[in-house]
Structure formats: C-alpha cells, structure tokens
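# Reading the structure
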Amino acid sequence: MNKIFFILFGLFSLILVAQEEKNNQLFLPIGSSLQESNMAKYALDSVQIFKEVDSIITNGIKNKAFPGAQILVAKEGNIIFHNAYGFHTYDSIQPVALNDIYDLASVTKILGPLPAIMKLVDEGKLDLDIPFSTYWKPWRRQKDKANITLREILAHQAGLQPYIVFLSKTLKNNGRFKKRFIRKKSNNKFKNQAFEGIYVKNRFHRKMYRIINRSEVSADKKYKYSGLSFLIFPELISQITGMPYAEYMDQEFYKPLGMKTFGFLPSTKDFTNKIVPTEEDTIFRQTLTQGWVHDENASLLGGVSGNAGLFGTANDLAIIMQMFAQNGLYAGKQYISKKTMEEFIQVQYPENDNRRGLGFDKPYLNNDQFTLANAYPAPEVSATSFGHSGFTGTFVWADPENQLIYIFLSNRVYPTRENRNIYDLNIRPAIQQIFYQAFDKSKQHKP
C-alpha cells in the first residue's frame, strides 16, 4: 500500500514539475499557440503597472467613457496581463468578466473579410493590382469605378464614400418602418433577422449593393476612410469560394484556430458567456442592443457583414492577432503566407500622407516623433505594427517587431454613442504606452 502511495506521489510530483517547467518557459517555438504567463517572468514592475492601468481605467469609468473595460497583453506568445474592470452598465449589477463577449464593430473588417481576402490572394483567386471590377462585375458599368484596384480600396485610397446610412431607406418621415423592407414577423420573403421583432426583406442587400455601385467616387485620389466595400466583400468571398461567408470563416480560420466564441449572431448560439450590451437605441431598435450587432448597416444585412457583426472574447482576439503577428502561422499551421501577410501590413501610399496598410490600420507616419497626446496609437509602437479600432469602444493591435499584442475591449457606446471620452481622454493609447515603457525600463535594468 505504501509502495503504491509513493509511486502515485512521485507521478503527481513529476506532473507538477512538468507543468511548472512549461509555465516557466518563455521562449516558445516560432508560430506556436498562446500560453498563460505573468509579468514577473519579464522582470516587469507589476505593482506599478497595475497601479497605472487602474488609475486610467478608474478615471475613464468616473468620466463615463465606458461602464467597464477589459485589457489583454501578450508578449512573445505569453499572456502576461488580462484584467477586467467595472460593469456592463452604470447600474453596477453585472461585473465585467474575462470571458465576456463583445460587439467588435469595425474590428470585424480585419478579422472577417480581410483574412479571407489574404487567403484568396495566396490562392491566386484575387489580384490586388487589376481592376476590382474583374471580380465585382457591376462596377464594369461605372466609369468612376471600373479601374479602381483592390489595393486602392483596401488602403482607403480609392475615393469611395465613407459611409451610407441605409437605415434611412427603411424609414418613413414619421420614423416608422416601411413595410416593404421591414416586418415584425418573419416569413419566406423576410428571413433576415436584424433584431428581436425586426426582420429585413431577403432582397434588401441587393438594394444596398445597387446604391454602393452607383455611389459617387472622388476624382481626387487621396486618403479617405471608407467602409462601403466591406459591405460587399462577404458576397464576393461567397461567390469565389462557393460557400456562405460566415461558414467559410468558421471552417478556414475561427474553428481551426481554436477561437471558441468567435463569429456572427452570438444571441442565436448557446454560449454560457455573458454578452456585453452596447447602446440604448432610440432610433432603430427602440431598446437596449445586446447580442445583436450595433452597426445599423450590418444589422440590415442580417447581422453578417464585413464592416461589423463579429463578436468575441479577448482570448479569441488574442489568438487571431497572434497569428497575424507570426506572419500567418499559428500552432504549426500556416493560415496565410508570410509574403502576403508582410504585403498587407505595409504602408501602401505614404507619399499621399496615407498611413494605412491593406485593410489594416497603422501608426501615424513618423509616429515615434509625437507625444502621446498627438500620436496614434502609443508613440512607442513600431512602424511594422498594425491593428484596428471599433466604434463600440474596441481596439486590437499587433506589433511583430516587439512581439506584443494589445487588446482593449469596452462598450463606450453605452448608454449612447454620444459618449466620446474614450477618445478625449486618450485612454487606449495611454494604457498601451504603459506596457511599452515598462518593457523599456526592464531592459535598462538588466545587467
């Protein structure tokens, strides 16, 4: 009996030692998956970091920048900081949890259609430098769009209109819905659910496409951010792949990457995670928006779009951003070629004062020469870094040079999108800067 006990005890000790060694190992194989770690492994002053982050977040909540927020930071594939703050709403009932699901808003652009586009470029099914009308045929009949390239579109250099409010097409002068476009109950012609009790005509997306196809293009080719093409990318991806866009993304990226809650329409799935609410909508839904996409254009497409519509946790986001930072490689699988990844994260038109990559946002040109107040994002990020922000208060950033991933999640649009203190207080870059400066300090103190 004693012999069995000592054998079992010895095995248990070996497991503990193995786990400890695994947790202590900082330097991961190239292209590996993320692992949990801590700031002490990098000799960072965790007490000071927590103090500084807490101060900024507390000030943000106090000034109604957001009711709660969540931050995740990974270095070299090691998650060293993941903390939740505040509550879902200002009534302080539901605390923010680390596995909460957020409406990612425009972060969807780089985590939805963009990986698909990169993969299709890899496969030779899309070319960045021939007219986009080669693939999106209605543009062949539009003189001002016939020769626009996919490169120009993705770099926001095409002169497309920034935004079209399609919701206005569905409303009467008295603010009520036009029954030919919106119904309260679903039927064969109204299957696309935008919200509880709001169903959109099946063919409404065609009307949206026609309006985009006929929209004016600026003759002056300079940087102008536009989300219009991201409304049509899902249809294009479906046409090329022969699969529904959301299904294609699940099959090719989200599921094999191990992103557990990532995707569209979370309220239709059986997640135990809480979904953070967005806005008390007084125009469209007339109630609190939660579990349904906040962006009206994505909503009118049934919640599945390329401009918005993705929901996910901080851990899900860290996985795909780590894959990007590792040149398309994650857990030993190459999702996007290194060549394509490097092409997409490069500034495309610096001569036109355009900082953008292909789909990806980039730091301001000469960002390292600015103070925090004038930089975007933090001035310490490398020129190779990239990411995107979302209207709901989300922000993701990857820095391959410093091997740093930064995720900031909040619902700054609660209770209203008029809340702009997240920008006015410069909260997201300020927190990002804390970690860069901490790493710099740690390097300086190394013998």
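Going by the structure above, here's the rest.
Anyway, here's the lowdown on the structure attached to this text. Note that the coordinates shown come from a computational prediction; the quantities given were computed from them, not determined experimentally.

### Looking at helix H4 (residues 113–122)
By the criterion of burial, H4 is predominantly enclosed, with nine of the 10 residues buried. Every buried residue belonging to H4 is among Pro 113, Leu 114, Pro 115, Ala 116, Ile 117, Met 118, Lys 119, Leu 120 and Val 121, and all of these are buried. Buried residues belonging to H4 abut helix H3 (108–111), helix H5 (150–154), helix H7 (229–241), helix H8 (245–257), helix H10 (314–325) and helix H11 (338–344). The positive-phi residue at the C-terminal boundary of H4 is Gly 124, with phi of around 75°.

### Considerations on the side chain of Thr 108
Tracing the chain through its elements places Thr 108 in helix H3. Among the polar contacts listed, one links the side chain of Thr 108 to the backbone oxygen of Ala 105, at a separation of 2.8 Å.

### Comments concerning the pattern of salt bridges
Tallying each qualifying case throughout the model produces 14 salt bridges. Measuring nitrogen to oxygen at the nearest pair gives 3.8 Å for the salt bridge that ties Lys 222 to Asp 220. The exposure class assigned to Lys 222 is partly exposed, which follows from its relative accessible area of 47%. With its nearest N and O atoms 2.7 Å apart, the salt bridge here joins Arg 417 to Glu 296. Of the two residues, Arg 417 sits in the loop between strand S13 (404–410) and helix H12 (421–424) while Glu 296 sits in helix H9 (residues 296–300), which places them 121 residues apart along the sequence. The network of salt bridges with shared partners includes Glu 279, Asp 281, Arg 285, Glu 296 and Arg 417.

### Examining the sheet that holds strand S5 (residues 182–183)
Spatially, S5-S7-S6 is the arrangement adopted by the three strands of the open sheet, whose pairing is antiparallel. Edge strands, defined here as strands with exactly one partner in the open sheet, are S5 and strand S6 (192–195).

### Let's talk about the packing of helix H2 (residues 46–62) against helix H13 (residues 427–444)
Direction vectors running N to C along H2 and H13 enclose 175°, while the axes themselves pass 10 Å from each other. Taken together, the axes of H2 and H13 are roughly antiparallel relative to one another. Listed contacts from H13 to Ile 49, Glu 52, Val 53, Ile 56, Ile 57 and Gly 60 of H2 are Ile 427, Ala 430, Ile 431, Ile 434, Phe 435 and Ala 438. For the contact of H2 with H13, the per-class residue count stands at 10 nonpolar, one polar and one charged.

### Some remarks on the pairing of strand S12 (residues 394–399)
Residues in a regular strand point their side chains to alternate faces of the sheet. Judged by how many residues are buried, S12 sits mostly within the fold: six of six residues are covered. A two-sided burial pattern is seen for S12, the buried positions comprising Thr 394, Val 396 and Ala 398 on one face and Phe 395, Trp 397 and Asp 399 on the other. Taken together, the five bridges between strand S11 (residues 386–390) and S12 define a ladder with antiparallel strand orientation. Considered in S12, the bridge of Gly 387 is made with Trp 397. Linking two consecutive strands that pair antiparallel, namely S11 and S12, is a turn of three residues; a positive phi of about 115° is found at Gly 393 within it. Pairing of S12 with S13 involves five bridges; the strand directions are antiparallel. Counted as the bridge partner of Asp 399 is Leu 404 from S13. Connecting the antiparallel pair S12 and S13 is a turn made up of four residues, with Gln 403 showing a positive phi of about 50°.

### Points about unusual backbone geometry
Here Tyr 376 and Pro 377 are connected by a cis peptide whose omega angle stands at -15°. With respect to the helices and strands, the residue Pro 377 is situated in the loop between H11 and S11. Note the cis peptide between Tyr 414 and Pro 415, where omega equals -5°. Checked against the element boundaries, Pro 415 lands in the loop between S13 and H12. One non-glycine residue with positive phi stands out, namely Lys 64, at about 60°. Along the chain, Lys 64 falls in the loop between H2 and strand S2 (68–75). Looking at Lys 64, the relative accessible area reads 45%, which means it is partly exposed. One non-glycine residue, Leu 265, lies in the positive phi region at around 50°. Following the sequence through the fold, Leu 265 ends up in the loop between H8 and H9. We classify Leu 265 as partly exposed; its relative accessible area is 24%.

### Let's talk about the packing of aromatic side chains
Within the structure shown, the criterion is met by 24 aromatic pairs. Ring geometry for Phe 132 versus Phe 233: centroids 6.0 Å apart, planes at 85°, classification edge-to-face. Of this pair, Phe 132 sits in the loop between H4 and H5 while Phe 233 is found in helix H7, placing the two residues 101 residues apart along the sequence. Note on accessibility: Phe 132 and Phe 233 belong to one class, buried.

Reading the values: the criteria
- Residues numbered from 1 in each chain as written.
- Predicted model: local features only at pLDDT ≥ 70, side-chain atom pairs only at ≥ 80, totals over all residues.
- Heavy atoms only, no water.
- Buried < 20%, exposed > 50% of the residue type's maximum accessible area, 1.4 Å probe, protein only.
- Helix = DSSP H or I, 4+ residues; strand = E, 2+ residues; numbered from the N terminus.
- Contact = heavy atoms within 4.5 Å.
- Polar contact = N/O pair within 3.5 Å; in protein donor to acceptor, adjacent residues only side chain to side chain.
- Salt bridge = Lys/Arg side-chain N within 4 Å of Asp/Glu carboxyl O.
- Pairing = 2+ DSSP bridges.
- Axes fitted to C-alpha atoms, helices over the stretch in contact; angles between N-to-C directions.
- Parallel < 35°, antiparallel > 145°, perpendicular 65-115°, else oblique.
- Nonpolar A, V, L, I, M, F, W, Y, C, P; charged D, E, K, R; others polar.
- Phe/Tyr/Trp six-rings, centres within 6.5 Å; stacked < 30°, edge-to-face > 60°.

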